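# Descriptive analysis of the structure
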Amino acid sequence: MRKMTLPAPAKLNRLLHITGRREDGYHELQTLFQFLDHGDTLHFRQRQDGSINLTSTLTGIANDDNLVVRAARLLQSETGCRLGVDIHLDKRLPLGGGLGGGSSDAATTLIALNRLWSLGLSLDRLAVLGLRLGADVPVFVHGRAAWGEGIGERLTPVDLDTPWFVVLHPGIEVATPQVFGAPQLTRNTPPISMTRALQEGPGTWRNDCEATVRRLYPAVDEALEWLSAFAPSLLTGTGACLFCSFKDEADAREILAQTQDGWHAFVARGCNVSPLHQALGLL
């Protein structure tokens, strides 16, 4: 039996601009993706019978709808592979949190099974397959902090500062379709260049979804007010998670110790190379 245990790290959108809406209903974005040294963990055991079996600490999502299972089946169908796998998912990242947990799980599955099943697909090919599962999957497959455009799939690697982050989840799940469907959502931010965004730096970065999410979800608004009292804070993705950064881990952990009951928070370091790719020596 061949086995692997691999991380599926969280991501932050340290900047998120919405520059337009496409005819297919998707939105044109500009964003800065960065990974965290915190996330889910997946355990893989190869099978010979072609069966895809998932067990998980996550409840409320049918296995057939889980991106882990969908990624494994997509890889089978695209390659004709007759091998199978038992997968166990240790879920740490919240659903509807804006941390990319499901997309990261899918990317880890694609990369792990490409190795376990000896398929020999390139990261570029896996990213193309991953895009069929979700717009955020390619950045997790490529494993580099990146400037993203389009729906987030056109990626240019970048090196960002790597502070310690306090990430706060206010105990609710945000529905991404509700946010992107809201009439008041900003959809006309003028595009900027990657060079300009990086030159202007973190002090100028914002998330165009934030005002809408705060209006729709009072719990996010309350949590952001609280966190912003300690340091400039932003929403990641469409939320519900919020984050702020510190140079020193001790300062971040001091804030962590003060979070309220009903909130979930953690401290993590920003990473320009995904912990998954570090573990496998891919970059």
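The paragraphs below set out a description of the structure included in this document. Computed from a prediction, not measured in an experiment: that's the story for all the values here.

## Regarding the pattern of salt bridges
Considering all chains together, one arrives at 17 salt bridges under this definition. For Asp221, the salt bridge is made with Arg214, and the minimal N-O distance between the two is 2.8 Å. A residue is classified by how much of its surface remains accessible, and Arg214, at 22% relative accessible area, is partly exposed. Its salt-bridge partner being Glu249, residue Arg253 comes within 2.9 Å of it at the nearest N-O pair.

## Quick notes on the environment of Asp161
Structurally, the position occupied by Asp161 is in the loop between strand E6 (154–157) and strand E7 (164–169). Accessibility expressed as a relative area gives 38% for Asp161, which makes it partly exposed. In the structure, Asp161 is positioned 127 residues away from Gln34 in sequence and 9.6 Å away in space, judged by C-alpha atoms. Not counting residues up to four positions away in its chain, the partners in contact with Asp161 are Arg14, Gln34 and Pro202. Of the polar contacts made by the side chain of Asp161, one reaches the side chain of Arg14; its length is 2.7 Å.

## Concerning the nonpolar core
Across soluble globular proteins, nonpolar side chains show a tendency to be buried alongside one another. In terms of nonpolar packing, the biggest core is built from 41 residues, with Phe44, Val85, Leu110, Leu113, Trp117 and Leu133 touching the most fellow members. What Leu133 contacts, discounting residues up to four positions off in sequence, is Leu67, Arg70, Ala71, Leu74, Ala106 and Leu110. Residues Val179, Leu185, Cys209 and Tyr217 belong to the second largest nonpolar core, which totals 29 residues.

## Topic: the pairing of strand E10 (residues 264–271)
The buried count for E10 comes to 6 of 8 residues, which makes it a mostly enclosed element. Of the pairings in the sheet, the one linking strand E2 (residues 27–47) to E10 comprises 2 bridges and is antiparallel in character. Across the sheet, residue Leu36 finds its bridge partner in E10, namely Gly270. Here 6 bridges tie E7 to E10, and the two strands are oriented antiparallel to one another. The residue of E10 that forms the bridge with Phe165 is Ala268.

Rules of the game
- Residues numbered from 1 in each chain as written.
- Predicted model: local features only at pLDDT ≥ 70, side-chain atom pairs only at ≥ 80, totals over all residues.
- Heavy atoms only, no water.
- Salt bridge = Lys/Arg side-chain N within 4 Å of Asp/Glu carboxyl O.
- Buried < 20%, exposed > 50% of the residue type's maximum accessible area, 1.4 Å probe, protein only.
- Helix = DSSP H or I, 4+ residues; strand = E, 2+ residues; numbered from the N terminus.
- Contact = heavy atoms within 4.5 Å.
- Polar contact = N/O pair within 3.5 Å; in protein donor to acceptor, adjacent residues only side chain to side chain.
- Core = buried A, V, L, I, M, F, W, Y, C linked by side-chain atoms within 4.5 Å.
- Pairing = 2+ DSSP bridges.

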